[in-house]
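Per-entry structural report
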Amino acid sequence: MQDEPLKELWTRRLDGASLSAAEADELFARVSTGESLRKELMDDELFHGLLLSLARSEADAADFGQQVSDRIDAEADGTRFVNAFKRRMLREVPDNRRRVFAHPRRWAAGLAAASIALVLGAYLFLHRVPASQAELRVWTGDVQILRDAKPQALAKGTRLAASDTLVVPAGASVEVGYAGEQTMLELEPRTEARLWDEDGAKRIQLNAGSITADVAPQPSGRPLVLITPHLRVEVVGTRFSLEVDEQGTRIEMEHGRVKLRRPEDGKSVELTAGHFLEARLGADFAAQTIPTSGTVEFQEGLNGYAGMHDLSISTQGVNPNGTINRAKDLAVWRIETTNREKYEIRSLMRFDGIAIPRNARVTSAKLTLSIDTWNSDWHLQGYYVKAPWNAAPNSALGWLNRDQGKPWTVPGGRGDGTDVLAGKRFGIEGQTGKGTVSRTVELDAAIVQTWCTDPSANQGILFINPLADKTIRIFSSRASDASSRPKLTITWSR
Amino acid sequence: MEQELKLINRARAGDREAFTELVLLHQGRVRAYLGRFVRIPDVVDDLAQDVFLSAFRTLHSFKDEAPFDIWLIGIARHRALDFLRSESRRHARLANRLESALQNWHADRLESETGQDARRLAEMQALRECLKALPENSSQLVQAHYFAGRTSAELARTFGRSESAVRMALLRIRQVLRQCVQQRAVGGA
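Residues numbered from 1 in each chain as written. Chains lettered and ligands numbered in written order. Predicted model: local features only at pLDDT ≥ 70, side-chain atom pairs only at ≥ 80, totals over all residues. Heavy atoms only, no water.

The helix and strand tally for chain A stands at seven helices and 30 strands. Accessible surface computed for chain A: about 24,500 Å², of which carbon and sulfur atoms make up 52%. (Helix = DSSP H or I, 4+ residues; strand = E, 2+ residues; numbered from the N terminus. Areas by Shrake-Rupley, 256 points an atom, 1.4 Å probe, with all protein chains shown as cover.)

As structure tokens, then:
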């Protein structure tokens, strides 16, 4: 080798360091074009690996021997049923034979029974499900199994072949298990995975999405291996959750321990309960303690949040459905005593896409509103909406309908126990009316918990003004000043 | 050799202790052979376990006239080839051209070594002798890095040198060892 910088790159690579894309490209270009250089570098890598393995094999020969022995034991486990059956047959034959010769008719019956048992045994043996072959257990939504890009019919117990891709779209979920053991995998919405058997060991490839795995103790030497583009996870028996996106993979341990390996440099970390690790560019490949509590805020346009839906529904134009309004403020009032038309406006507000860490419990939830009113002794009532409402711009939502062909049980969405949750409401009030004020109200933590864990249960809040002729406006998600927009603050712990 | 044949026959008859003794006798060579091509020690061990498991399953097909370690190395060569080709494809999928190409070249080289398993074993034996013949400073560095598991950064601090200097020193030592092994293996052949 003549090129010192190139040698430096090469030794860094051998040392397990990550090369930048430019450095890898340079090295690739040089070794691709220079045959003698390539041979020299590859010879060097062979000797490097040889020395590493030589040292290791001298240090832990006995451990290695035990590991091989354990794997042979595990393989023997797989045939335990068949061997037990054989032993039982051997034990029972002498007794049967004695009875056979004493009673010829029973001999014939015994022969027939033995034949059936043998055929049944052979059938069970030939059609046995390897413990490492995944089966579909429970699913919701439009889950698909793609085999050679063609969807397969789904049924409980459907076995996944090595060429199958399990596709879990948004709004769907699926549970996968394994015959004869308690291992259970929950694949969450927007997940694609392949699950296959490799020499009796479970393998899972996850390129995108989330999975929670509750893994029963695996046979010695045959860990369940979960592979993402950024991480290789070897699982002996544990519960953990794992999320994959384009930037990286995050794994959180609930109990047990797993061994993690970063594919590009082989760096290994053992992750234990209460810790997480993120395998992504620029992040340390190291275990970190999982926070036990935290606070998250959702306010349209701030910190990347953009999931709020809010609008007003009115009795004006109630034939056919009442008007809706999406302004910078949400009107909430009931006009009774003017000479003009009597009418009422209520407002709906929903924070979509709210999330807290997996397995976290909501300990408190607060809603902060900027409210504009010039009326004294004002009052607002907030109801937790139960029935789904369609916030899309051209939907049929209005005073009478919550969606196309789906009327509110009571016009204006006030059906107790049908449109809104029965017996659950909160109030916001003020004594003086001096323009804009900020109010923070405590929400029901248990209800907000359901919003986080089940997005379909998150239908937000209906605001009603019970006092006639007191006009109140709530700054909406479209308010010019983002800090005036409604803010949901959730504190969680685990 | 006679002792080894007895162990093989006992293992064929289902004696697990005899097979474990065979594993202990040959694990060093199998792991070192695989380690030449596979850089990650844990993967080397996984593959080596596969080799012995496969040997246990197919012990009946082993012909006594061939050396047992050559038979094991033959199994190891196939395992390593499968692994290298698979790694090459995986790196290609990840658009990692360098690693994909290196794994592929290693696989090509391994395929070209068919029939040279005895020579590879001889080289491994020669390496042990060459390690003993290293100058004191070089020997210290090799022992600390490869056998005591100390990183280049740790060694740099210990010896008051830069990490780069330590890595380059190890590179030169590997060159010396390679030349030594070639001379001894050729001389011995």
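Attention shifts here to the overall build of chain B. A tally of regular secondary structure across chain B gives nine helices and zero strands. Start at the N end of chain B and walk to the C end: the helices and strands fall as α-α-α-α-α-α-α-α-α. Classification of the 189 residues of chain B by burial places 51% in the buried group. Long-range pairs, those at least 24 residues apart, make up 58% of the contacts in chain B between residues at least 6 apart in sequence. When the accessible surface of chain B is split by element, carbon and sulfur atoms take 50% of a total near 8,900 Å². (Buried < 20%, exposed > 50% of the residue type's maximum accessible area, 1.4 Å probe, protein only. Contact = heavy atoms within 4.5 Å.)

Now for the nonpolar core. Within the largest apolar cluster, 64 residues are counted, with the highest numbers of intra-cluster contacts made by F19, L34, L127 and L177 of chain B. A per-element tally of this core places helix 4 (residues 68-93) of chain B first, with ten residues. Not counting residues within four places of it along the chain, the set of residues in contact with L127 of chain B comprises F47, L50, L51 and L54 of chain A together with L177 and V181 of chain B. L136, L166, V215 and V258 of chain A belong to the second largest nonpolar core, which has 37 residues in total. (Core = buried A, V, L, I, M, F, W, Y, C linked by side-chain atoms within 4.5 Å.)

Looking now at the packing of helix 1 (residues 4-14) of chain A against helix 2 (residues 21-33) of chain A. Residues and elements named next belong to chain A. Taken N-terminus to C-terminus, the directions of helix 1 and helix 2 make an angle of 110 degrees; their axes are 11 Å apart at the nearest point. When the axis of helix 1 is compared with that of helix 2, the two are roughly perpendicular. Between helix 1 and helix 2 the crossing geometry is left-handed. Contacts between helix 1 and helix 2 involve L6, L9, W10, R12 and R13 from the former and E23, E26, L27 and R30 from the latter. Residues of the contact of helix 1 with helix 2, tallied by class, amount to four nonpolar, no polar and five charged. (Axes fitted to C-alpha atoms, helices over the stretch in contact; angles between N-to-C directions. Parallel < 35°, antiparallel > 145°, perpendicular 65-115°, else oblique. Left-handed = near helix turned anticlockwise from the far one by under 90°. Nonpolar A, V, L, I, M, F, W, Y, C, P; charged D, E, K, R; others polar.)

Attention shifts here to helix 6 (residues 117-132) of chain B. In a regular helix each residue adds 1.5 Å, so 16 residues correspond to 22 Å; helix 6 of chain B covers 24 Å between its end C-alpha atoms and thus fits that length. Within the sequence span of helix 6 of chain B, burial applies to D117, R120, L121, E123, M124, A126, L127, C130 and L131 of chain B. (Expected span 1.5 Å × (residues − 1).)

To continue, consider the packing of aromatic side chains. Counted by the stated rule, this structure contains eleven aromatic pairs over all chains. Taking 6.1 Å as the distance between ring centres and 85 degrees as the angle between the ring planes, the aromatic pair formed by F426 of chain A and F463 of chain A counts as edge-to-face. With F426 of chain A in strand 26 (residues 420-430) and F463 of chain A in strand 28 (residues 461-464), this residue pair connects regions lying 37 residues apart in the sequence. Relative accessible area serves as the criterion here: at 1%, F463 of chain A is assigned to the buried category. Its guanidinium or amino end placed over the ring of W105 of chain B, R38 of chain A lies 4.5 Å from that ring's centre, counting from NZ or CZ. (Phe/Tyr/Trp six-rings, centres within 6.5 Å; stacked < 30°, edge-to-face > 60°. Lys NZ or Arg CZ within 6 Å of the ring centre and 35° of its normal.)

A few words now on the pattern of salt bridges. One pass over the structure, following the stated rule, counts 35 salt bridges over all chains. Across the salt bridge formed by R203 of chain A and E198 of chain A, the nearest N and O atoms sit 3.6 Å from each other. According to the relative accessible area criterion, R203 of chain A is buried, its value standing at 12%. Here R184 of chain B and E129 of chain B are joined by a salt bridge, their closest N and O atoms 3.3 Å apart. With R184 of chain B in helix 9 (residues 163-188) and E129 of chain B in helix 6, the pair connects residues that are 55 residues apart, well separated along the chain. Here the salt bridges share partners, and the residues they tie into one network are D245, R250, E252, E278, R280 and R494 of chain A. (Salt bridge = Lys/Arg side-chain N within 4 Å of Asp/Glu carboxyl O.)

Chain A puts 61 residues into the contact, and the matching count from chain B is 55 residues. Surface buried jointly by chain A and chain B totals about 5,800 Å² across both partners, of which 60% is contributed by carbon and sulfur atoms. Where chain A packs against chain B, one counts six salt bridges. With a shortest N-O distance of 3.0 Å, R56 of chain A and D45 of chain B are connected by a salt bridge. One can count 14 residue pairs in polar contact (both at pLDDT 80 or more) joining chain A with chain B. Those elements that place two or more of their residues in the side of chain A that touches chain B are helix 1, helix 2, helix 3 (35-59), helix 4 (61-78), strand 10 (231-235) and strand 13 (257-261) of chain A. Classifying every residue of the side of chain A that touches chain B gives 23 nonpolar, twelve polar and 26 charged. (Buried area = accessible area lost by both parts, 1.4 Å probe. Polar contact = N/O pair within 3.5 Å; in protein donor to acceptor, adjacent residues only side chain to side chain.)

Turning to the confidence of the model for chain B, a few remarks are in order. Of all residues in chain B, 97% attain a pLDDT of 70 or more, and the chain-wide mean is 86. Taken over the whole predicted complex, pTM reads 0.44, whereas the ipTM for its chain interfaces reads 0.90. (pLDDT = per-residue confidence, 0-100.)

On to the environment of F28 of chain A. Along the chain, F28 of chain A falls in helix 2. Between the C-alpha atom of F28 of chain A and that of R38 of chain A, which follows or precedes it by ten residues, the distance is 9.7 Å. Aside from chain neighbours lying at most four places away, what touches F28 of chain A is R97, L98 and A101 of chain B.

Looking at the element boundaries, S53 of chain A is found in helix 3. Residue classification places S53 of chain A among the buried positions, given a relative accessible area of 6%. Discounting chain neighbours no more than four positions away, the residues touching S53 of chain A are R31, A32, G35 and V44 of chain B.

Turning next to the side chain of H145 of chain B. With respect to the secondary-structure elements, H145 of chain B resides in helix 7 (residues 136-147). Apart from the residues lying within four places of it in its own chain, the contact partners of H145 of chain B are D15 of chain A together with R150, T151, S152, L155 and L170 of chain B.

This part covers the pairing of strand 13 of chain A. Residue and element names in this part refer to chain A. Where strand 10 and strand 13 come together, four bridges link them in antiparallel fashion. The partner of V233 across the bridge, within strand 13, is L260. Here strand 13 hands over to strand 14 (residues 268-272) after six residues, with G266 in that stretch at a positive phi of 75 degrees. (Pairing = 2+ DSSP bridges.)

We now examine helix 3 (residues 41-57) of chain B. Helix length check: helix 3 of chain B (17 residues) gives 24 Å between terminal C-alpha atoms against 24 Å at 1.5 Å per residue, within 8%. In terms of burial, helix 3 of chain B is a largely internal element, 13 of the 17 residues being buried.

A separate point is the pairing of strand 4 (residues 164-168) of chain A. Residue and element names in this part refer to chain A. Strand 4 sits mainly inside the fold: four of its five residues count as buried. Pairing geometry for strand 4 and strand 7 (residues 191-198), over three bridges, is antiparallel. The residue bridging L166 from the neighbouring strand is A193, located in strand 7.

With that out of the way, let us pick up the packing of helix 2 of chain A against helix 3 of chain A. What describes two packed helices is the angle between their axes and the distance between those same axes. All names here are of chain A. In the contact formed by helix 2 and helix 3, the axes pass within 5 Å of each other and the chain directions differ by 110 degrees. For the element pair helix 2 / helix 3, the angle class is roughly perpendicular. Facing R30, V31, S32 and T33 of helix 2, the residues of helix 3 in contact are E35, L37, R38 and L41. For the contact of helix 2 with helix 3, the residue count by class is three nonpolar, two polar and three charged.

Before going further, it helps to examine the confidence of the model for chain A. Counting all residues, the mean pLDDT for chain A is 82, and 87% of those residues have values of 70 or more. Note that pLDDT drops below 50 for residues 78-130 of chain A; the model gives that stretch seven contacts with residues more than four away or on any other chain.

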